[in-house]
Amino acid sequence: MIEFKNVNKWFGKLHVLNNIDLKIPKGEVLVICGPSGSGKSTLIRCINRLEKIQKGEIIVNKTPVHDKHTNLTKLRAQIGFVFQQFHLYPHMTVLQNVMLAPVNVKKIDKSDAEKIALKKLEKVGLTEKSHAYPAQLSGGQQQRVAIARGLAMSPEIMLFDEPTSALDPEMIGEVLDVMVNLVSEGMTMCVVTHEMGFAKKVADRVLFMDDGKIVEMGTPDAFFDNPKTDRAAEFISKILTH
Amino acid sequence: MMGFYFSRLVEIYPFFLKGLWMTSKIAFISLVSCTLIGFLLGIFRSSNSIVLKRIVGVYVAFVRGTPFVVQIFIIFFILPEWGLQLDAFPAALLAMAIMGSAFICEIVAGGIHSIHKGQWEAATASGLNLVQQLRLVIVPQAMKVILPPLVGQYVLLIKDTSVVSVIGVMELTRVGWVTVVRIPEGLMVFSLVGVLYFSISYPLILLSNYLERKMAV
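These numbers were taken from a predicted model, which means no experiment stands behind them.

(A) View of the overall build of chain B. Counting its secondary structure elements, chain B contains 8 helices and 0 strands. When the helices and strands of chain B are read in sequence order from the N terminus, they spell out α-α-α-α-α-α-α-α. The principal-axis extent of the C-alpha atoms belonging to chain B is close to 75 × 45 × 25 Å. Taken across its 217 residues, chain B has 47% of its residues classed as buried. Taking as baseline every contact in chain B between residues at least 6 positions apart, the subset at least 24 positions apart corresponds to 75%. Accessible surface, chain B as shown: approximately 11,300 Å² in total, 72% of it carbon and sulfur. Charged side chains in chain B number 15 positive and 9 negative. The centres of these two groups are separated by 9 Å.

(B) How the structure looks around the packing of helix H3 (residues 68–78) of chain B against helix H4 (residues 88–113) of chain B. All names here are of chain B. H4 packs onto H3 with a crossing angle of 135° between their chain directions and a minimal axis gap of 9 Å. As judged from the angle between their axes, H3 and H4 are oblique. With respect to the hand of their crossing, H3 and H4 are arranged in right-handed fashion. Counted together, Phe 68, Gln 71, Ile 72, Ile 75 and Phe 76 of H3 and Ala 88, Ala 91, Leu 94, Ala 95, Met 96, Ile 98 and Met 99 of H4 form the full contact between these two elements.

(C) Representation of the sheet that holds strand E6 (residues 79–82) of chain A within the structure. Residue and element names in this part refer to chain A. Overall, mixed pairing links the 6 strands, which are arranged E6-E7-E8-E3-E9-E10 in an open sheet. What marks the edges here is a single partner per strand, and that holds for E6 and strand E10 (213–218). Neighbour to neighbour, the strand axes of the sheet diverge by 15° on average, direction disregarded. Pairing analysis gives 5 bridges linking strand E7 (residues 157–161) to strand E8 (residues 188–192), with the strands arranged parallel. Counted as the bridge partner of Met 158 is Met 189 from E8. Helix-sheet contacts for helix H6 (residues 169–184) involve strand E3 (29–33), E7 and E8, and the interaxial angle to E8 is about 150°.

(D) Quick look at helix H3 (residues 94–104) of chain A. The buried fraction of H3 of chain A amounts to 10 of the 11 residues, a majority that puts the element mostly inside the structure. The complete set of buried residues in H3 of chain A reads Val 94, Leu 95, Asn 97, Val 98, Met 99, Leu 100, Ala 101, Pro 102, Val 103 and Asn 104 of chain A.

(E) Region of interest: the sheet that holds strand E5 (residues 63–64) of chain A. All names here are of chain A. Reading across from one edge, E2-E1-E4-E5 is the order of the 4 strands in this open sheet, with antiparallel pairing throughout. Edge positions in the sheet fall to strand E2 (14–24) and E5, since each has one partner strand and no second. Pairing of strand E1 (residues 2–11) with E2, which is carried by 7 bridges, proceeds in the antiparallel orientation. What sits directly across from Phe 11, in E2, is Leu 14.

(F) Quick peek at the pattern of salt bridges. Across all of its chains, the model carries 16 salt bridges over all chains by this definition. Among the ionic pairs, Lys 123 of chain A bridges to Glu 185 of chain A, the shortest N-O distance being 3.0 Å. Within this pair, whereas Lys 123 of chain A is found in helix H4 (residues 110–123), its partner Glu 185 of chain A is found in the loop between H6 and E8, the two being separated by 62 residues in sequence. Each of the salt bridges in this network shares a partner with another, and the network as a whole consists of Lys 9, Arg 45 and Glu 51 of chain A together with Lys 117 and Glu 121 of chain B.

(G) Region of the structure containing the packing of helix H6 (residues 130–160) of chain B against helix H8 (residues 186–215) of chain B. Residue and element names in this part refer to chain B. The contact between H6 and H8 brings their axes to 9 Å, and the two run at 165°. Overall, the two elements H6 and H8 adopt an arrangement that is roughly antiparallel. In the packing of H6 onto H8, the handedness of the crossing is left-handed. From H6, Lys 144, Leu 147, Pro 148, Val 151, Gly 152, Tyr 154, Val 155 and Ile 158 reach across to H8, where they touch Tyr 197, Ile 200, Ser 201, Leu 204, Ile 205, Leu 207, Ser 208, Leu 211, Glu 212 and Met 215. Here the contact of H6 with H8 is built from residues that sort into 13 nonpolar, 3 polar and 2 charged.

Criteria and cut-off values
Numbering of residues starts from 1 in each chain and follows the order in which that chain's sequence is written. Chains carry letters from A onward and ligands carry numbers from 1 onward, assigned in written order. Reporting of local features is limited, given that this is a predicted model, to residues whose pLDDT is at least 70; pairs of side-chain atoms are given and counted only at 80 or more, and all residues count toward the totals for whole chains, interfaces and linings. With hydrogens and water excluded, all non-hydrogen atoms of the structure serve as input to the side-chain values. Secondary structure elements follow DSSP: runs of H or I of four or more residues count as helices, runs of E of two or more count as strands, with numbering from the N terminus. Using a 1.4 Å probe on the protein chains alone, a residue whose accessible area is under 20% of its type maximum counts as buried, one over 50% counts as exposed, and one in between counts as partly exposed. Contacts are assigned to residue pairs with any non-hydrogen atoms lying within 4.5 Å of each other. In short, Shrake-Rupley with a 1.4 Å probe defines the accessible areas, and a residue's cover is counted only from the protein chains shown. Counting rule for charge: Lys and Arg are taken as positive, Asp and Glu as negative, and neither His nor the chain ends is counted. Just so you know, the charge point we use is NZ for Lys, CZ for Arg, CG for Asp and CD for Glu. Comment: axis = line fitted to C-alpha atoms, over the contacting stretch for helices; angle = value between 0 and 180 degrees taken between N-to-C directions. Roughly parallel covers angles under 35 degrees, roughly antiparallel covers those over 145, roughly perpendicular covers 65 to 115, and oblique covers all other angles. With the far helix as reference, a near helix turned anticlockwise by less than a right angle produces a left-handed crossing, and one turned clockwise produces a right-handed crossing. A strand pair is defined by DSSP finding two or more bridges across the two strands. Here a salt bridge means any side-chain nitrogen of Lys or Arg lying within 4 Å of a carboxyl oxygen belonging to Asp or Glu. Polarity classes work like this: nonpolar for Ala, Val, Leu, Ile, Met, Phe, Trp, Tyr, Cys and Pro, charged for Asp, Glu, Lys and Arg, and polar for all others, with Gly in that last group.

Encoded structure:
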């Protein structure tokens with residue numbers, strides 16, 4: 001469903017993605033971890049072309065993402081994206097946030113879009129907040145709205161860029177619960193996270209990155225219990241002792 | 001003495017009303033055109049296109065770096081030599097549009113820059129095109145930052161319409177000049193001119209203050 005072929009990207013002199021080859025089949029849950037600056041956020045931001053690549057190819061659902069002629073609107077409609085800092089639209093209510101793309105991108109009738117939005121909000125357990133503004137919600141609630149907003153376009157793929165890193169500890173659980181639910185529905189997901197509990201529970205594979213390279217990739221059990229590289233072992237010992 | 005002043009006032013006030021009407025007309029048309037052009041330029045100025053950014057940057061720098069009177073003279077006296085002959089009224093409107101849009105451009109660009117990059121990214125990721133991103137997500141939020149200085153700029157623009165009197169447009173200031181030549185009560189004449197300008201700009205000053213308080217959250 002998602003394929004990286006020899007992908008390279010530089011920020012100035014910094015080689016952020018170094019010869020990435022990766023295949024993510026439909027329905028897979030891939031957890032991406034690694035030290036900060038290792039390129040993991042950049043990796044998933046390339047999938048919906050929030051970042052451009054300089055070399056190589058990324059193919060999503062047979063669509064070459066970095067082709068000039070690619071219809072980006074169509075591509076992005078298939079991919080939901082959840083940011084670390086939520087980035088809800090502060091001037092709109094929760095419902096308007098979720099409805100915005102269906103109404104304006106898919107041109108769905110407002111009343112139908114509202115029904116869809118309410119369904120997605122129900123899924124994240126926030127129907128009763130639909131008329132609140134983002135600033136009136138807790139961080140965990142905001143992130144759940146952001147997930148509902150991503151789901152509103154009925155995407156086939158959901159990308160999560162450190163979805164719980166900006167949250168107070170007691171709010172992490174509610175967001176992870178919503179994500180676990182998505183997994184059970186068969187959503188294809190790429191999740192940049194250090195939540196090892198989440199990874200062990202639902203990930204099909206864990207990908208470990210360092211210095212723009214894929215250092216190691218395997219099942220969660222194999223990765224956490226028997227890392228093949230010293231770099232991965234060091235990283236795991238660091239995040240587990242904290 | 002007061003009776004004398006009063007009879008003078010009765011004698012001259014029709015001219016002043018005409019001047020006030022002309023000033024209002026120039027001000028209104030200018031505010032609308034400056035706002036439209038200013039927003040467009042401001043959006044260009046904050047775009048990712050280096051070429052657009054530079055072109056608008058040069059325009060803004062040139063307009064802000066030269067006196068308004070000189071700009072009016074260029075439009076009214078120099079453009080005809082290049083084949084563009086304008087009457088005083090359209091020349092005045094053109095000069096106002098060029099000058100005002102440059103200032104409003106900077107206000108708008110500043111407002112757009114104040115919006116967090118994540119808002120653009122969220123809108124992009126959800127599939128909105130550039131125009132939709134601006135219209136639905138960025139500009140509505142930027143208005144909070146833009147509105148107070150924008151209304152302040154309107155006050156300045158209204159006062160700047162007095163400068164177009166130099167090319168003979170019969171607006172309030174010009175009426176003052178012409179009147180003073182005929183009657184000697186200069187203090188009264190220009191006090192009246194001042195009061196009339198004030199009557200247009202003061203409501204906007206109040207609005208600007210109000211917006212400043214309301215948006216400062």
